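Here is what each chain is made of, one letter per residue.
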Amino acid sequence: MFSSKDQLAMNTLRALSMNQIEAANSGHPGLPLGAAPMAYALWAEHLRVDPANSQWMNRDRFVLSAGHGSALLYSLLHMAGFDVTIDDLKHFRKMNSRTPGHPEYGYTDGVEATTGPLGQGIAQAVGMAMAEAHLAAQYNRPGHDIIDHYTYTLVGDGDLMEGISYEAASYAGKMKLGKLIVLYDSNDISLDGDLDMSFVEDVKGRFEAQNWHYLRVDEGMDIQAVSDAIEEAKKVTDKPTMIEIKTVIGFGAPDAGTNKVHGAPIGQEGWDAVKKALEWTHEDFEVPQEAKDQFKERVFDRGQTAHQEWKEAFEAYEKDHPELAKELKAAFNGELPKDYAKGLELVDTDTEAEASRISSSRAIQALGQNIPYFWGGSADLSSSNKTMNEEDSDFMPDNYAGRNIWYGVREFAMAAMMNGIALHGGTRTYAGTFFVFTDYLKGAVRLSALSKLPVTYVMTHDSIAVGEDGPTHEPIEQLAGFRATPNLNTIRPADMNETFVAWQMAVESKDRPTMLALTRQDLPVLEGTKALAEEGVRKGAYVLSPAKGDTPEGILIATGSEVALALEVQETLQEEGIDVSVVSMPCQNLFDEQDAEYKESVLPSEVRNRMSIEMGATFGWERYVGLDGVTVGLDRFGASGNANDIIPALGFNTKDITKRYLDVFSK
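These figures come from a predicted structure and were not determined experimentally. (Residues numbered from 1 in each chain as written. Predicted model: local features only at pLDDT ≥ 70, side-chain atom pairs only at ≥ 80, totals over all residues. Heavy atoms only, no water.)

Colleague: Looking at this model, I keep getting lost on the overall build of the protein chain. Mind explaining?
Modeller: When its secondary structure is counted, the protein chain shows 25 helices and 20 strands. Its C-alpha radius of gyration of 28 Å places the protein chain within 12% of the 26 Å reference for a compact globule of 667 residues. The principal-axis extent of the C-alpha atoms belonging to the protein chain is close to 90 × 60 × 45 Å. By residue count, 62% of the 667 residues in the protein chain fall in the buried class. Side chains of the protein chain carry 60 positive and 101 negative charges; the gap between the two charge centres is 2 Å. (Helix = DSSP H or I, 4+ residues; strand = E, 2+ residues; numbered from the N terminus. Rg over C-alpha atoms; globule rule 2.2 N^0.38 Å. Buried < 20%, exposed > 50% of the residue type's maximum accessible area, 1.4 Å probe, protein only. Lys, Arg positive; Asp, Glu negative; His and termini not counted. Charge placed at Lys NZ, Arg CZ, Asp CG, Glu CD.)

Have a look at this one:
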C-alpha cells in the first residue's frame, strides 16, 4: 500500500524533473508531470534493480521509450541511488553532462537503452524480453531459475503512431512474451495538438488483435491503481501486456492538458503554479529526507535484497551446473570460446567459387557450433540470405531455446529488437535482409552505432547483380550512406576468405556494429587472400596484387565482386605495358583509422593515377582516388534483366574499364 510518504517521494520526481528543465531552459515538462505516478508505482513496488550494481544480469529492465521525458528518468535514477548526482541533474542538457537531452546507453548509469527516436524504445524492449526468454530456456534448470525477470517500457502516443511499434508489437504477441509489460502514458495530446487530429484508433482492439493482454487505468494519478494493474499484468504469462494509463500531460501547470506543455519549459510562473498544485514548499533541487528514505527502502534496499538472494541462488546453480554457469558468465562478459573460429580457416584458390552470402552461411554454421550464445535470423528472407543455423531449432513460444529467429517482414523492428537483445546482454546476435532494404532499418542501425552495440547486419544481394528483380531491389546509394555512419564497420568482402575474416571481426567486436554487404553471384577465391586477408581486412584495405615494379604506375581500388574485375584489368594493363597495383578495400572506415605509414604503403601519395571500381554510388571514393583519379561506379539506378547482361552493359567489364583507365591516364 502507498502512503503520504510515497506521494511526497513521487512529487519529488516531478519537482526534480522541473528543476532540471527550468535550469536548462530546455526540455519536456509534460511527461514527467503526467507520468510520474506510473513511474513511481513501477519503481517502488515492482522493478527489481540494484543501483549499487547496475549491470546485475537478472535485473528487471526499464526502457523509457518516450525518451523526451528523460528528466523523469534521471530523477528516478538519482533517487534510486544510481550514480547520478544532484550536480548531474543541475547540468541537464548541458555540454558533456551525464544527463543528455535524451537517454543514451553507456553514458548515464542505469539507462538501459538509447531512446528518443519514437517507437524504437518499445522495439528494443521486445528484444530484451526475447533475450530473457531465450537465456532462461537455455540456462535455467529445475530448481534453478537463474534468468527470471521482467522488461518494462513506458511509451507515449508518438511511440504508438510510429510504424515500428506495430511491427514490434506484432512480433511480441506472436512470440507470447509474457514478461514484457508496456505502460502507455495515454494523455490524448501530441506535440502539435489534440491527438484525435492524427490518431483515433482503438488501442485496446489493436493490441488484443496482436495477441496482447490489455488493461486500462482510468485515473493515472492513482499510484495504487497503476501498481495493481502491473501486478495483474505479471500474472499473465502467455501474452505481453499493454496497460493504458489515462493521464493529464503537464499536470499542475497552467496549460496542463494541452500541447503547450509538451516540449518547452513552463517558466517561473508555471513552476510556481505546479508547486502550488503539488503543495511543494522545498527549494530547487532539494530532496526531502522522507522522500530519500522511501526510495532507499522501496527501491535501493529491496533491490539489494533481491540481488543478494539471486547471488546465493547462483552459487547453488554454479555448484550443480558448473559448466553452464561458466558459460553464462562468459556470455555476459562478452567473452568468446577459445576455438570460436574453428571452421573459418582460410582457403586456397582451387576452392570452388561461391557467393559471399553462401560463404557467410558457412561462417554462421561454424560460429553457431562454436559459440553456444550465438543466434539470429532474417526478415523472411533466410532462404535467400542464408542466415539460419541448419543444425539448430527455431526460436518459438514452445521453444525459446531455439537460435533461429523468424523476424517476419519487419525490417525496422528486427534491427531495433536486435539492439534490445544486445542491450540485454548474454548473447551475440545478427539479422539479415536484402541490402537495398536497409533503407527500412537505417534508424535502428544509427542507434546500434550510437549505442556501441556489437550486432551484425547480414545484408545480401549487394549490387545490380540482383538482376531480374530490377532497380527496386538493386542497391546503389546504400554503401555510401552507411559508410558515412560513425562507429559502423561496413564491410564488403571480395571472396570467401575476406568473408570469413569479416565474420570473425564482427563477433569479436566489443563496441561497434558490423554491416556485411554480400553478393548473390559467385565469387572466385582470389590469389593472395589466403595469405593477406587476415590482416588486410582488419585494416580495412590492403595491396592484394602489387605492381611488378617498386612503385606502381597506377592503383586500382575495388571492393566485393569488383576486386576480381580489378585483377583482370590489372592483367590487361600489364599487356599494355602499364604496371598497376590492385587494392582490396572492404572497409573504408577501418582503413581511415590506420596510421599514416600503413596508409602510405597501400596508397602511395606519389601515385596519382588511381581508379576506384565499385557497382554502387561513386560518392566518397574521391577521398581515395584524389583530384586526378577516376571513379567507376553507378550514379544512376540499375535495370531489370539477367545479371550477366546488366553488369557488362553498365560498364563493369574488363574492356570498358581498361579503356577508361587508358583514356584518362595515357594522355
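Picking up after the structure, the text goes on.
Colleague: Can you help me understand the pairing of strand E12 (residues 456-460) in this one?
Modeller: Working note: regular strand, side chains alternate between the two faces of the sheet. By the criterion of burial, E12 is predominantly enclosed, with five of the five residues buried. Side-chain alternation along E12 places Thr456, Val458 and Thr460 on one buried face and Tyr457 and Met459 on a second face that is also buried. Across five bridges, strand E11 (residues 428-434) lies against E12 in parallel orientation. Across the sheet, Tyr430 pairs through a bridge with Thr456, a residue of E12. As a crossover connection, the stretch from E11 through helix H16 (residues 438-450) into E12 is right-handed. As defined by bridge partners, E12 adjoins strand E14 (residues 514-517) across four bridges and the pair is classed as parallel. Bridging from a neighbouring strand, Val458 pairs with Leu516 of E14. (Pairing = 2+ DSSP bridges. Right-handed = clockwise from strand over helix to strand, strands pointing away.)

Colleague: Sorry, what's going on with the domain arrangement of the protein chain here?
Modeller: The parts lose accessible area when they come together, and the size of an interface is often stated as this lost area. Taken domain by domain, the protein chain comprises domain 1 (4-306), domain 2 (356-517) and domain 3 (537-666). Counting residues at the interface gives 28 residues for domain 2 and 34 residues for domain 3. Both faces considered, domain 2 and domain 3 share a buried interface measuring about 2400 Å² in area, 54% of it formed by carbon and sulfur atoms. Counting the surface domain 2 buries against domain 3, the share from its top three residues, Ile464, Ile476 and Arg492, is 27%. (Domains from an automatic or database assignment. Contact = heavy atoms within 4.5 Å. Buried area = accessible area lost by both parts, 1.4 Å probe.)

Colleague: So what exactly am I meant to see when it comes to the UniProt feature "domain: Transketolase-like pyrimidine-binding" (unreviewed entry) in the protein chain here?
Modeller: In the UniProt entry, the feature "domain: Transketolase-like pyrimidine-binding" (unreviewed entry) is given for residues 354-525. The span residues 354-525 is 38% helical and 18% strand by assignment, and the distance between its end C-alpha atoms comes to 8 Å. (UniProt positions renumbered as here; feature names shortened; annotations may be inferred.)

Colleague: Whenever I open this one, the UniProt feature "active site" (unreviewed entry) in the protein chain confuses me. Can you help?
Modeller: Sites flagged by UniProt as "active site" (unreviewed entry) map to Glu411. Inspection of the secondary structure puts Glu411 in helix H15 (residues 411-424). With near-sequence residues (within four places) excluded, Glu411 lies in contact with Glu167, Ala379, Thr433, Phe437, Tyr440 and Leu441.

Colleague: How should I be thinking about the sheet that holds strand E2 (residues 151-155) in this particular structure?
Modeller: Sheet strands pair via backbone hydrogen bonds, and the direction of the pair is either parallel or antiparallel. Read across the open sheet, the five strands follow the order E1-E2-E3-E7-E6; overall the sheet is parallel. Each of the sheet's edge strands pairs with one partner strand only, and the pair in question is strand E1 (61-64) and strand E6 (213-217). The average undirected angle you get between the axes of adjacent strands in this sheet is 15°. When E2 meets strand E3 (residues 180-186), the two strands line up parallel, connected through five bridges. Note that in E3 the partner of Leu154 across the bridge is Leu183. Sheet contacts for helix H9 (residues 223-234): E2, E3, E6 and strand E7 (241-246); angle to E6, the most-contacted strand, approximately 170°. (Axes fitted to C-alpha atoms, helices over the stretch in contact; angles between N-to-C directions.)

Colleague: Is there a simple way to explain the packing of aromatic side chains in this structure?
Modeller: Given two aromatic rings, their pairing is described by the distance between the two centres and the angle made by the two planes. Scanning the entire structure with this criterion turns up 23 aromatic pairs. Feature note: the residues Trp56, Trp310, Phe314 and Tyr317 constitute an aromatic cluster, connected by ring pairs. In this structure, Arg206 packs its charged tip against the face of Tyr166, placed 3.5 Å from the ring centre. Seen from the ring of Tyr150, Lys234 lies directly overhead, with NZ or CZ sitting 5.6 Å from the centre. (Phe/Tyr/Trp six-rings, centres within 6.5 Å; stacked < 30°, edge-to-face > 60°. Lys NZ or Arg CZ within 6 Å of the ring centre and 35° of its normal.)

Colleague: Please clarify how empty space enclosed by the protein should be interpreted in this entry.
Modeller: Empty pockets left among the atoms are what a rolling probe the size of a water molecule brings to light. Per the counting criterion, the structure on display carries three cavities of 30 Å³ or more. Computed from the structure, the largest cavity encloses a volume of approximately 80 Å³. Trp43, Leu47, Val49, Ser54, Arg59, Asp60, Arg61, Phe62, Leu73, Phe82, Gly110 and Glu112 together form the lining of the largest cavity. When grouped by side-chain class, the residues that make up the lining of the largest cavity number six nonpolar, two polar and four charged. (1 Å grid on protein atoms, 1.4 Å probe; cavity = no way out; pocket = protein on both sides within 12 Å on 5 of 7 lines; lining within 4 Å. Points joined across faces, edges and corners; volume = space filled by probe spheres on them. Nonpolar A, V, L, I, M, F, W, Y, C, P; charged D, E, K, R; others polar.)

Colleague: What's the story with the nonpolar core in this structure? I'm lost.
Modeller: The nonpolar side chains of a soluble globular protein tend to be buried, and buried together. Ranked by size, the top nonpolar core spans 91 residues in total, and within it Trp503, Ile557, Leu603 and Phe652 carry the most contacts. Here this core gets eight residues from one element, more than from any other, and that element is helix H18 (residues 496-508). (Core = buried A, V, L, I, M, F, W, Y, C linked by side-chain atoms within 4.5 Å.)

Colleague: Would you take a moment to explain the pattern of salt bridges for this structure?
Modeller: Should their charged atoms come close, side chains of opposite charge can pair. In this structure the tally under the stated criterion is 29 salt bridges. The residue Arg492 makes a salt bridge to Glu562 at a minimum N-O spacing of 2.6 Å. Of the two residues, Arg492 is situated in the loop between strand E13 (489-491) and H18 and Glu562 in helix H20 (residues 562-575); the sequence distance between them amounts to 70 residues. Taking the relative accessible area as the measure of exposure, Arg492 reaches 1% and is therefore buried. Under the relative-accessibility criterion, Glu562 is labelled buried at 2%. Salt-bridge contacts for Asp628 lead to Arg608; the nearest nitrogen and oxygen are separated by 2.7 Å. Of the two residues, Asp628 is situated in the loop between helix H23 (622-625) and strand E20 (630-632) and Arg608 in the loop between helix H22 (596-602) and strand E19 (610-613); the sequence distance between them amounts to 20 residues. Since its relative accessible area comes to 36%, Asp628 is described here as partly exposed. Among the ionic contacts, a cluster of salt bridges with common partners joins Asp6, Glu45 and Arg298. (Salt bridge = Lys/Arg side-chain N within 4 Å of Asp/Glu carboxyl O.)

Colleague: What is the right way to look at the packing of helix H3 (residues 70-80) against helix H11 (residues 289-320) in this model?
Modeller: Relative placement of two packed helices is described by the angle separating their axes and the distance separating the axes. Direction vectors running N to C along H3 and H11 enclose 85°, while the axes themselves pass 8 Å from each other. Judged by the inter-axis angle, H3 sits roughly perpendicular to H11. Where H3 approaches H11, its residues Leu76, Met79 and Ala80 are matched on the opposing element by Ala291, Lys292, Phe295, Val299 and Phe300. Taken together, the residues of the contact of H3 with H11 sort by class into seven nonpolar, no polar and one charged. (Parallel < 35°, antiparallel > 145°, perpendicular 65-115°, else oblique.)

Colleague: Looking at this structure, I do not really get the side chain of His78. What am I missing?
Modeller: Residue position: His78 is located in helix H3. The class of His78 is buried, set by a relative accessible area of 19%. With residues near it in sequence (within four places) discarded, His78 still touches Leu16, Val84, Thr85, Ile86, Leu89 and Val287.

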